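An overview of the molecular structure
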Amino acid sequence: MDWWDRKPSKIGGLEVCCTPCKHWGARTPFDVFKTLWCSWVIRCTDGTSFYFAGDTALCPAFEEIAKAYAPFTCSTIPIGAFLPRVFMKSHHASPEDAVQIHVDLKSENSVGCHWGTFRQKALEHIMDPPRLLAEELERRKMDPKSFTVMQHGETRVYRPKNAGGG
């Protein structure tokens with residue numbers, strides 16, 4: 001699939017959509033930016049929609065995605081591996097960037113991902129992203145329940161707000 005392609009799933013009522021995101025990639029010094037990095041939208045006929053940002057930095061694509069598919073019932077947005085900013089800003093979202101992505105996407109609920117599993121190649125402490133996410137939500141006076149992190153192994157159910165399940 002390429003960006004903006006949509007395919008019906010063999011699982012009843014689902015549609016999968018390939019959407020843009022921002023990262024870099026290379027397998028050799030001669031093929032920089034030759035690979036397609038993407039994010040994913042999954043929509044169901046009952047109005048539920050899920051967005052997976054993948055591995056990304058903040059970019060204008062999120063506003064475009066919102067114009068095409070918002071609102072999202074739930075989005076997973078990366079919050080880790082963001083330092084040093086001088087290098088990582090073009091590849092990985094910081095917790096502050098992640099909140100902006102959440103806003104740009106018009107996501108009803110978001111869950112932070114891409115943090116806490118292992119050190120990765122970043123300089124922030126492995127447990128800093130959730131704390132910084134909470135601080136940014138507080139700074140913007142946003143509902144802290146609108147963008148959270150999960151414990152490893154935790155499961156949650158989200159329903160579209162217009163379906164009365166919130």
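Provided above is the structure to which this section pertains.
Summary of the structure given here. (Residues numbered from 1 in each chain as written. Predicted model: local features only at pLDDT ≥ 70, side-chain atom pairs only at ≥ 80, totals over all residues. Heavy atoms only, no water.)

**Topic: the overall build of the chain**
Stated formally: Strands are runs of DSSP state E lasting at least 2 residues, helices are runs of H or I lasting at least 4, and numbering of each runs from the N terminus. Just to be clear, the radius of gyration here is over C-alpha atoms, and the globule rule we use is 2.2 Å times residues to the power 0.38. Partly exposed residues are those whose accessible area sits between 20% and 50% of the maximum for their type, while under 20% is buried and over 50% is exposed, using a 1.4 Å probe and protein chains only. Contact definition: two residues touch when any of their heavy atoms are within 4.5 Å. Every accessible area reported is derived by Shrake-Rupley at a probe size of 1.4 Å, with residue values counting cover from the shown protein chains alone.
Scanning the chain from N- to C-terminus turns up four helices and seven strands. Listing every helix and strand of the chain by position from the N terminus yields β-β-β-β-α-β-α-α-β-α-β. Computed over the C-alpha atoms, the radius of gyration of the chain is 16 Å, within 12% of the 15 Å expected from 2.2 N^0.38 for a compact globule of 166 residues. Residues counted as buried form 42% of the 166 residues belonging to the chain. Taking the contacts inside the chain whose residues are at least 6 apart along the sequence as the reference set, 62% of them involve residues at least 24 apart. Surface exposure of the chain reaches about 9,600 Å², of which carbon and sulfur atoms provide 58%.

**Points about a nonpolar patch on the surface**
Our working rule: Patch members must show over 30% relative accessible area and no salt bridge, and they are joined within 9 Å when carrying like charges or within 5 Å when they are nonpolar side chains of Val, Leu, Ile, Met, Phe, Trp or Tyr. Salt bridges are defined as contacts in which a side-chain nitrogen from Lys or Arg sits within 4 Å of a carboxyl oxygen from Asp or Glu.
Residues W24, V32, V86 and F87 make up a contiguous nonpolar surface patch of roughly 420 Å² in combined accessible area. Inspection of the secondary structure assignment puts W24 in the loop between strand 2 (14–20) and strand 3 (38–44). Under the relative-accessibility criterion, W24 is labelled partly exposed at 34%.

**Thoughts on the pattern of salt bridges**
One pass over the structure, following the stated rule, counts eight salt bridges. With its nearest N and O atoms 2.8 Å apart, the salt bridge here joins R140 to E136. Using a relative accessible area of 27% as the deciding quantity, one classes R140 as partly exposed. According to the relative accessible area criterion, E136 is buried, its value standing at 6%. Through salt bridges that share partners, R6, E15 and R43 make up one connected network.

**Brief notes about the packing of helix 3 (residues 95–105) against helix 4 (residues 128–139)**
In plain terms, the rule: Convention adopted: a line fitted to C-alpha atoms gives each axis, helices being fitted over their contacting stretch, and angles between N-to-C directions are expressed from 0 to 180 degrees. Note on angle classes: values under 35 degrees are labelled roughly parallel, values over 145 roughly antiparallel, values of 65 to 115 roughly perpendicular, and the remainder oblique. Crossings are classed by handedness, with left-handed meaning an anticlockwise turn of the near helix from the far one by less than a right angle and right-handed meaning a clockwise turn. Nonpolar residues are Ala, Val, Leu, Ile, Met, Phe, Trp, Tyr, Cys and Pro. Charged residues are Asp, Glu, Lys and Arg, and all others, Gly as well, are polar.
The N-to-C vectors of helix 3 and helix 4 enclose an angle of 55°; their axes lie 8 Å apart at closest approach. Between helix 3 and helix 4, the angle falls in the class oblique. The element helix 3 and its partner helix 4 pack so that their crossing is right-handed. Along the contact surface, helix 3 presents P95, E96 and V99, while helix 4 presents P129, L132, L133, E136 and L137. When its residues are assigned to classes, the contact of helix 3 with helix 4 shows six nonpolar, no polar and two charged.

**Focus: the pairing of strand 2**
Note on strand geometry: in a regular strand, side chains alternate between the two faces of the sheet. Let me state the cut-off plainly: Two strands are said to pair when DSSP picks up at least two bridges between them.
Examined bridge by bridge, strand 1 (residues 6–8) and strand 2 share three bridges and lie antiparallel to one another. Across the sheet, the residue bridging to K7 is V16, located in strand 2. The turn linking strand 1 back onto strand 2 is made up of five residues, and G13 within it adopts a positive phi angle of 80°. Pairing analysis gives seven bridges linking strand 2 to strand 3, with the strands arranged antiparallel. Directly across from T19, in strand 3, lies its bridge partner S39.

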